[in-house]
Amino acid sequence: MLSLLLALAMADVVEVTAAPSEVTVYADRARVTRSGLSQLARGIHEVTFVGLPATTDAASLTADVSGSVELLDIQVRMVSAVEAADERVAGLLTQIQTLLDTRQDLLDDQQAATAKLSSIGSARSASATQLSAQLLVGTNGPSRADALQRQLSREDAEARSALRQATLAIRDVDVDIAAARREQASLGSNATDTLTAVVRVDVAAGGRIGVDLTYTVSGAYWQPRYDLRSDGGSDSVSLSLSAIVTQRTGEDWSNVDLSVSSARPGRGTDVPRLDPFWLMAYRPRPSSRASRGGGAPMRAMAEMDNAAPVAAAAPPAPMEVAQAVVETQLAATTFGVENPESMPSDGTARKVLLTTVDLESELRHVSVPRIDATAFLIGEVTNTASFPLLPGPAGVFVGGAYVGDIMLDTVPTGETFDVSFGPDDRVLVTRTRLGTNIDGDGPVGRRRNAEWKWGVDIRSTHQSPVNVEIREQVPTSRSEDVVVAYKIESGAPEISEEDGGILAFTVDVPARRSAGFEWTYTVTYPGDRTLGWME
């Protein structure tokens, strides 16, 4: 035991630079993984991950290790903004001084190259005069002159190259110095508290060791957004599901493997428990003013409530650590984004396409000519996808044209939902009143009839047959001696009745043809009574 404590006390501290590499976003939080690799010798090491957001749930930290290594424990400590800023400022000052020293060395190189170029120019002038004199008295003058000129040209090219390299390097160093000074100036206003996680590992055999640190942070969420597309004629609807992801976790996500999940870890996993509540015999309290304060039954119920033992509240369930899987499971669906994504921690909403599926659909037209003769194209869509549809807005498109937005409720796999694709100008509905007949006043006991006759004509210019539902309405009565009846005079529509006097007439219209029907409703009521609105 003592040897283990000594080993821990002498553990080698290794700081890894690891940005988020995998992120799974839930409805109210995100699960983040940072992956680090280090060359570790045999023995105990403290692998340190710095800069975790202050919104990190310390209890959610987990670590996975690879290689010949044993995970001992994970420790977390808060690093205040002032402490982090002081450490960073000290590092920046050292960095700036090193850059200034490098710049001075480059300036020296630049001045040396400039001086050499000046010396070469002077040498060329002097050698030209000297060689002219030697050419008059010597036989080797031309060859010596050529050799000297070649040497001077070579030295000139080298000096110019050195000058150019020094100038470019000075420019790059100036950029780095400016960036470091800007960061130094911003530390006072942008510094925030962070967490540092220390993963203790015992390495059995030295080598390259991988450590994955995973934690949960608040400040991230996603919402579904759908696109529903129909060509207006086929029996399928294309559904595209996207995620609108927003994050203010305190750390940027750069080129991460992103997933979104419908799991709700914040709700916990425990099923609510019903505790018994007991009925007790009522024992009235002796009082001369028993009649005050309400009747006995009410007092009895109040006293029973007060006497009932109060069950102790169950402690809140610990936050569930969800495991991200790119598949539909019993309680959740996780969608993995195909390509790496980058999202700054500034609250900007980003739309990410998750998947596109074709759903089965039965198209029909619905018109309510009593109010509006427009024929609306309705799709009864079956969710044939492998995942349930979550509540969210959906954009509706017909033939590539945007027609509006609808809100989808939760739709389990295999269930159906209606989608309105808007008006269809290729189906024309005409409603005509063909006649009205109301009996005159009559004696007491005599029954009166009021009759209305309507005609409905449907014309289609579609290249294939269409199914049209005409929704009509007859008056309803709360009195037993007022009777409402209807009948079909011509045509053969299918009829279904709904509450409130709603009638749905379904008509099959041939391609590029017309179809219709005539119908009548009659109100029969006592002859000595005058009824109000019946049309």
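For every chain, the first residue of its written sequence is number 1, and the numbers climb from 1 along that sequence. In keeping with the model being predicted, local features are shown solely for residues with a pLDDT of at least 70 and side-chain atom pairs are shown and tallied solely at 80 or more, while totals for entire chains, interfaces and linings include all residues. To get the side-chain values, take all heavy atoms of the structure and skip hydrogens and water.

K.L.:
What's the story with the pairing of strand 7 (residues 194-203) in this structure? I'm lost.
P.N.:
Counted residue by residue, strand 7 has nine buried out of ten residues, so it is predominantly covered. Each pair of strands is called paired provided DSSP finds at least two bridges between the two strands. Helix numbering and strand numbering both begin at the N terminus, where a helix is a DSSP run of H or I of at least 4 residues and a strand a DSSP run of E of at least 2. Alignment of strand 4 (residues 43-53) against strand 7, held across nine bridges, turns out to be antiparallel. Paired with Gly43 across the two strands is Val203, which belongs to strand 7. Buried residues are those whose accessible area, probed at 1.4 Å on protein chains only, stays under 20% of the maximum for their type, while exposed residues exceed 50% and partly exposed ones sit between those limits.

K.L.:
Looking at this structure, how should I read the sheet that holds strand 6 (residues 69-79)?
P.N.:
One key point about sheets: their strands pair by backbone hydrogen bonds, in either a parallel or an antiparallel sense. Reading across from one edge, 1-4-7-6 is the order of the four strands in this open sheet, with mixed pairing throughout. Both edges of this open sheet fall to strand 1 (12-16) and strand 6, since each of them pairs with a single strand only. Going across the sheet, the axis of each strand differs from the next one's by a mean of 25°, ignoring polarity. A fitted line through C-alpha atoms serves as each axis, taken over the contacting stretch for helices, and the angle formed by two N-to-C directions is quoted from 0 to 180°.

K.L.:
Got a minute to help me understand the packing of aromatic side chains in this structure?
P.N.:
For any two aromatic rings, the description comes down to two numbers: the centre-to-centre distance and the angle of the planes. Between rings of Phe, Tyr and Trp, where Trp is taken as its six-membered ring, a pair exists when centres lie within 6.5 Å; planes separated by under 30 degrees are stacked, by over 60 edge-to-face, and by other angles tilted. The final tally for this structure, using the stated rule, is six aromatic pairs. Taking the centre distance of 5.1 Å and the plane angle of 90° together, the rings of Phe335 and Phe387 count as edge-to-face. With Phe335 in strand 12 (residues 334-336) and Phe387 in the loop between strand 15 (372-382) and strand 16 (392-398), the pair connects residues that are 52 residues apart, well separated along the chain. As far as burial versus exposure is concerned, Phe335 and Phe387 are alike and both buried. With a centroid separation of 5.7 Å and an interplanar angle of 40°, the aromatic rings of Trp519 and Tyr521 are classed as tilted. With relative accessibility at 0%, the residue Trp519 sits in the buried group. Residue Tyr521 is classed as buried on the basis of its relative accessible area, which comes to 1%.

K.L.:
Got a minute to help me understand the pattern of salt bridges in this structure?
P.N.:
Side chains that differ in charge, positive against negative, can pair when their charged atoms come close. For this document, the term salt bridge refers to a Lys or Arg side-chain nitrogen within 4 Å of an Asp or Glu carboxyl oxygen. One pass over the full model with this rule turns up 19 salt bridges. Asp28 is the salt-bridge partner of Arg29, the closest N and O atoms lying 3.0 Å from each other. Among the residues examined, Asp28 registers a relative accessible area of 39% and is labelled partly exposed. Each of Arg364, Asp418, Glu469, Arg471 and Glu498 takes part in one network of salt bridges that share partners.

K.L.:
Teacher, can you tell me more about the pairing of strand 11 (residues 253-261) here?
P.N.:
Both faces of the sheet carry side chains from a regular strand, because those side chains alternate between them. Across four bridges, the pairing between strand 2 (residues 20-25) and strand 11 is parallel. Paired with Val23 across the bridge in strand 11 is Leu258. As paired strands, strand 11 and strand 13 (residues 341-343) are joined by two bridges and run antiparallel to one another. Considered in strand 13, the bridge of Val256 is made with Glu341. Both strand 11 and strand 12 contribute to a ladder of three bridges, which runs antiparallel.

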